[in-house]
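What follows is the residue order along each chain.
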Amino acid sequence: MFVVAVFAVRFVPVRWMTTMVVGGAVVIGVAALVGPPNTSTDSARYAWDGIVQHAGISPYAHTPQSSALSGLRPDWLFPDKVDGTCEPLKPRFRGLGDGADGHCVAINRPDVVTIYPPMAQLWFAGVRAFVPVTAQYLPFQVAGLLVSLGVTIGLVAVLRRTGRPTWWAALWAWSPLVASEAVTNSHVDVVGAALATAGVVLVTFGRPIWGGIALGAATATKLIPAIVYPPLLGRRGGWWAIPVGIAVFGLLYVPYVLTTGIDVLGYLPGYLSEEGYEDGSRFALVSLLFPGDAGTVVVGLLVLLAAFVAWRLVDPSRPWSGEVLMIGVTFLAVTPRYPWYALLLIPFVVLSGRWEWLSIGLAIALRGVWPSVDAYRWWLLAAIVVIVVVTLVRTDRSDWRRWWERLSFRRVPTYAD
């Protein structure tokens with residue numbers, strides 16, 4: 001239905017096109033508000049981190065099941081056991097580790113401190129600042145809807161400025177993945193994607209300082225948006241965004257470092273180990289040829305290669321295709337297990353028109369529906385085939401020649417290119 005709708009809106013009269021795209025985003029977003037999160041409990045941790053911060057306590061200082069925070073626990077996050085067990089409340093609720101105080105808990109990994117960086121923490125505290133402790137999942141869902149609508153409007157504005165039809169924004173505005181992960185499950189990744197997109201747009205349109213601020217905030221929301229930096233290096237003066245972004249990233253950590261010290265890393269090291277990043281078992285495709293630690297090295301090299309290619313080939317005035325290449329290759333190398341990671345890719349697909357890269361998002365989404373590593377590998381390989389075939393079809397010989405000259409440093413990229 002999504003594909004058919006996007007195809008159909010291309011034929012709508014131009015004067016109605018933007019209204020339909022934005023109106024459809026509102027309708028789909030409101031529909032996504034119905035019911036609590038259904039495939040993830042991450043927003044329960046968001047709410048808890050916000051509650052803890054409003055009590056004047058660092059979210060990196062204690063675990064959710066710590067007795068030091070027992071007075072802050074709302075019933076909807078820590079419901080009572082039923083007949084002495086949490087089983088009737090599963091899968092949304094599970095035991096509090098040792099079953100302390102006769103409670104269950106909706107928060108995943110309740111025996112470890114939070115993993116989320118400081119900008120994400122500010123987001124959690126900001127959303128919870130306007131609601132009582134008894135408010136459940138809806139505040140983050142509404143906030144996610146507002147951010148996703150903001151991205152829709154921003155994409156429409158950029159498409160108009162660059163002279164492209166606004167129906168392309170429907171790839172974000174009407175996406176089932178955006179409705180599910182940005183609104184229903186209200187993943188903070190939508191904030192990172194919005195800030196990263198805004199940062200790249202600002203740098204592209206000659207505002208590297210403001211762009212750097214947005215990019216630093218994006219990286220301090222979820223670390224993965226840092227991969228959008230390399231394609232910006234070809235923009236004259238755009239390199240300013242990098243030191244500004246690094247400075248903003250560091251400054252956002254300062255308040256938490258002052259209160260918690262080195263513990264601001266939270267559960268990040270443990271998470272990376274748990275998810276298989278350290279030993280290479282995480283990488284569904286690379287691990288087939290390079291198992292163990294060698295896989296981690298190969299993934300790092302692939303990401304660096306993608307950064308080099310994106311830097312050399314990108315059109316500084318329109319870096320969207322370079323961003324798609326950088327993000328897409330990184331996802332193919334790292335092979336994330338969770339569909340909300342793909343939120344970072346979609347806005348740049350919209351701006352570049354490289355629709356074939358959406359096949360990566362589809363593969364990741366299918367991984368969440370059918371959690372089979374073997375099946376995931378086939379879906380990723382199918383995505384690679386789609387990307388390669390469409391790229392070969394749409395690229396003529398002169399483009400290949402020009403790209404080779406740039407990659408071999410036989411030609412210096414210019415704005416005219």
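Just above sits the structure.
Note that this is a predicted model, so its numbers are computed, not measured.

(A) Summary view of the nonpolar core. Counting residues in hydrophobic clusters, the biggest one holds 102 residues, and the most contacted among them are Leu77, Trp172, Leu343 and Ile360. Broken down by element, the residue count for this core peaks at ten residues, all from helix 5 (residues 138-161). Look past the residues within four positions of Leu77 in its chain and what remains in contact with it is Ala44, Ala47, Trp48, Ile51, Cys104, Val105, Ala106 and Ile107.

(B) Local environment of the packing of aromatic side chains. Enumeration over the complete set of coordinates arrives at 18 aromatic pairs. Aromatic pair Trp167 and Trp168: ring centres 4.4 Å apart, planes at 20°, arrangement stacked. Comparing Trp167 with Trp168 shows no difference in burial state: the two are buried. Arranged with centres 5.4 Å apart and planes meeting at 65°, the rings of Trp370 and Trp379 form a pair that is edge-to-face.

(C) Quick look at the packing of helix 16 (residues 358-369) against helix 17 (residues 373-394). At a closest axis distance of 9 Å, the pairing of helix 16 and helix 17 adopts a crossing angle of 170°. With respect to helix 17, the element helix 16 is oriented roughly antiparallel. Of the residues in helix 17, those in contact with Ser359, Ile360, Ala363, Ile364, Leu366 and Arg367 of helix 16 are Tyr376, Trp379, Leu380, Ala383, Val386 and Ile387. A class-by-class count of the residues in the contact of helix 16 with helix 17 yields ten nonpolar, one polar and one charged.

(D) The arrangement of the pattern of salt bridges in detail. This structure, assessed with the given rule, holds four salt bridges. The residue Asp374 makes a salt bridge to Arg377 at a minimum N-O spacing of 3.4 Å. Taken together, the positions of Asp374 and Arg377, both in helix 17 and three residues apart, correspond to about one turn of that helix. On the basis of relative accessible area, Arg377 is assigned to the buried category, the value being 19%.

Criteria and thresholds
Residues numbered from 1 in each chain as written. Predicted model: local features only at pLDDT ≥ 70, side-chain atom pairs only at ≥ 80, totals over all residues. Heavy atoms only, no water. Core = buried A, V, L, I, M, F, W, Y, C linked by side-chain atoms within 4.5 Å. Buried < 20%, exposed > 50% of the residue type's maximum accessible area, 1.4 Å probe, protein only. Helix = DSSP H or I, 4+ residues; strand = E, 2+ residues; numbered from the N terminus. Contact = heavy atoms within 4.5 Å. Phe/Tyr/Trp six-rings, centres within 6.5 Å; stacked < 30°, edge-to-face > 60°. Axes fitted to C-alpha atoms, helices over the stretch in contact; angles between N-to-C directions. Parallel < 35°, antiparallel > 145°, perpendicular 65-115°, else oblique. Nonpolar A, V, L, I, M, F, W, Y, C, P; charged D, E, K, R; others polar. Salt bridge = Lys/Arg side-chain N within 4 Å of Asp/Glu carboxyl O.

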